[in-house]
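Overview (structure and organization)
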Amino acid sequence: VYKPDSIIFDLEDAVSENQKDSARIQLYNTLKYADYKGVERLVRINGFDSKHWKEDIRASVAGGCDGIRIPKCEKKEDVIRVEEEVRKAELEFHKELGSTLLMAAIETPLGVLNAYELAASSDRILGISIGAGDFMRTMHAKRTAEGFEMLAARSHLILAARAADVM
């Protein structure tokens, strides 16, 4: 009905700890067998602080996702770490090398300050985005209807993405 450009499947915050494995299986089957009629399909994986992130990547790539959204990116090494696992999964599941793109989710002040480094860290980067909820929490800020509290961070991300030639 809405014909979105992209959808994001969430394996991180939207899934309780005791449901991570079953959600991953469901994700694989959804990616593999549901027809999204050309809509880009991204997967928000669990963070490095969990034991799930590598299996999230394997299931996502095996199912044929278009990209991985990396949570709480702060430095280019975060992107490189995920890129290495994606490459392993592409080889394991006989996917074209480089076919799985990456999106850096920036959710901390350090991530915002390193936005250009993140945007330029890999040829696989399709975009950078701000995770407003976590960012506001780390800033100890309150949301307003106008959203002015996010203006500086959002503006910085836009400049960083354009400077790195990320559309």
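Read on for an overview of the structure. As the structure is a computational prediction, the values presented were derived from the model and not from experiment. (Residues numbered from 1 in each chain as written. Predicted model: local features only at pLDDT ≥ 70, side-chain atom pairs only at ≥ 80, totals over all residues. Heavy atoms only, no water.)

Some words on helix H3 (residues 76-92)
Its 17 residues place the ends of H3 24 Å apart at the C-alpha level, agreeing with the 24 Å of an ideal helix rising 1.5 Å per residue. Residues Asp78, Val79, Val82, Glu85, Val86, Ala89 and Glu90 constitute the buried set of H3. Angular distribution of buried residues about the axis of H3 spans 145 degrees; they occupy a single face of the element. Packing partners of the buried residues in H3 comprise helix H2 (53-63), strand S3 (67-70), strand S4 (101-106), helix H5 (115-119) and strand S5 (125-130). Two residues or fewer past H3, histidine 94 is found with a positive phi of approximately 55 degrees. (Helix = DSSP H or I, 4+ residues; strand = E, 2+ residues; numbered from the N terminus. Expected span 1.5 Å × (residues − 1). Buried < 20%, exposed > 50% of the residue type's maximum accessible area, 1.4 Å probe, protein only. Arc of directions from axis to C-beta. Contact = heavy atoms within 4.5 Å.)

Details of the packing of aromatic side chains
The final tally for this structure, using the stated rule, is 2 aromatic pairs. Their ring planes at 85 degrees and their centres at 5.8 Å tell us that phenylalanine 9 and tyrosine 36 sit as a pair that is edge-to-face. Of this pair, phenylalanine 9 sits in strand S1 (residues 6-10) while tyrosine 36 sits in the loop between helix H1 (20-33) and strand S2 (40-44), placing them 27 residues apart in sequence. According to the relative accessible area criterion, tyrosine 36 is partly exposed, its value standing at 26%. (Phe/Tyr/Trp six-rings, centres within 6.5 Å; stacked < 30°, edge-to-face > 60°.)

Quick word on the side chain of threonine 100
You can see threonine 100 is positioned in the loop between H3 and S4. Each residue touching threonine 100, except ones within four places of it in the same chain, is listed here: Val61, Cys65, Asp66, Gly67, Ile68, Val86, Glu90 and Arg124.

Observations concerning the environment of alanine 23
Considering the arrangement of structural elements, one finds alanine 23 in helix H1. Among the residues examined, alanine 23 registers a relative accessible area of 15% and is labelled buried. Setting aside its immediate chain neighbours within four residues, alanine 23 contacts Leu11 and Val15.

Function-wise, these values are silent; they only describe arrangement.
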